[in-house]
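Here's the letter readout for the chains.
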Amino acid sequence: QVQLVESGGGLVQPGGSLRLSCAASGIIFSIGAMNWYRQTPGKQRELVAAASSGGITNYSDSVKGRFTISRDNAKNTTYLQMGSLKPEDTADYYCYANIRTTEFAAVTGYWGQGTTVAISS
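Residues numbered from 1 in each chain as written. Predicted model: local features only at pLDDT ≥ 70, side-chain atom pairs only at ≥ 80, totals over all residues. Heavy atoms only, no water.

A. How the structure looks around the pairing of strand β8 (residues 77-82). Taking burial as the measure, the 6 residues of β8 include 5 buried ones, the bulk of the element. Relative to β8, strand β3 (residues 18-26) runs antiparallel, the two sharing 6 bridges. Among the inter-strand pairings, Ala-23 is bridged to a residue of β8, identified as Thr-77. Relative to β8, strand β7 (residues 67-72) runs antiparallel, the two sharing 6 bridges. Bridge pairing links Phe-67 to Met-82 in β8. Linking β7 back to β8 in an antiparallel pair, the connection comprises 4 residues, with Asn-76 at a positive phi of about 50 degrees. (Buried < 20%, exposed > 50% of the residue type's maximum accessible area, 1.4 Å probe, protein only. Helix = DSSP H or I, 4+ residues; strand = E, 2+ residues; numbered from the N terminus. Pairing = 2+ DSSP bridges.)

Structure, rendered in structure tokens:
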């Protein structure tokens, strides 16, 4: 069984920084894309940042230049460094990973449980 566990959320003042972590554990053969999404009440979950296994990254326009996604493949972990935070960044943040549990298994998408980020003075 595979689990993704996020950590690092909290309350931060506008302009501050926060780093989220997401660690994958369990039976893992390989991990493809590792992404961060966020969601606010009544809205669809939106892709914030994505990182391929080869290190290619993409960002939504709303966070480009302020957030940085990275990953430590040896630790099966992805990070989201968030800076210049704004009140509109307030949301529940979820990590997602495409994981193959064995060499011949199909790729399956897994979600973390989410971590709450609140930006307020």
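B. Spotlight on the sheet that holds β3. The strand order across the open sheet formed by 4 strands is β1-β3-β8-β7, and the pairing between neighbours is antiparallel. Because the sheet does not close on itself, it has two edges, and the strands there are β1 (2-7) and β7. Neighbour-to-neighbour, the strand axes of the sheet open up by a mean angle of 15 degrees, direction not taken into account. Where β1 meets β3, 6 bridges bridge the pair, whose relative direction is antiparallel. Each bridged residue has a counterpart across the sheet, and for Glu-6 the counterpart in β3 is Cys-22. (Axes fitted to C-alpha atoms, helices over the stretch in contact; angles between N-to-C directions.)

C. Molecular detail of the state of the cysteines. Scanning the entire structure with this criterion turns up 1 disulfide. Each sulfur of the disulfide joining Cys-22 and Cys-95 lies 1.9 Å from the other. Taking the sign of the S-S torsion, about 45 degrees here, the bridge from Cys-22 to Cys-95 comes out right-handed. Residue Cys-22 is found in strand β3, and its partner Cys-95 is found in strand β9 (residues 91-100); the two are separated by 73 residues along the sequence. Overall, Cys-95 belongs to the buried group, its relative accessible area being 0%. (Disulfide = S-S within 2.5 Å.)

D. Looking closely at the packing of aromatic side chains. Applying the stated criterion across every chain, the model contains 3 aromatic pairs. When the centroid spacing of 6.2 Å and the interplanar angle of 75 degrees are considered together, the rings of Tyr-37 and Tyr-96 count as edge-to-face. Placement of the pair is Tyr-37 in strand β4 (residues 30-39) and Tyr-96 in strand β9, with a sequence separation of 59 residues. On the accessibility criterion, Tyr-96 (18% relative accessible area) is buried. Here the aromatic residues Tyr-37, Tyr-96 and Trp-111 are joined through ring pairs into a cluster of three or more. Positioned above the aromatic ring of Tyr-94, the side-chain terminus of Arg-45 is 3.7 Å from the ring centre. The ring of Trp-111 carries Arg-45 above its face, with NZ or CZ at 4.6 Å from the centroid. (Phe/Tyr/Trp six-rings, centres within 6.5 Å; stacked < 30°, edge-to-face > 60°. Lys NZ or Arg CZ within 6 Å of the ring centre and 35° of its normal.)

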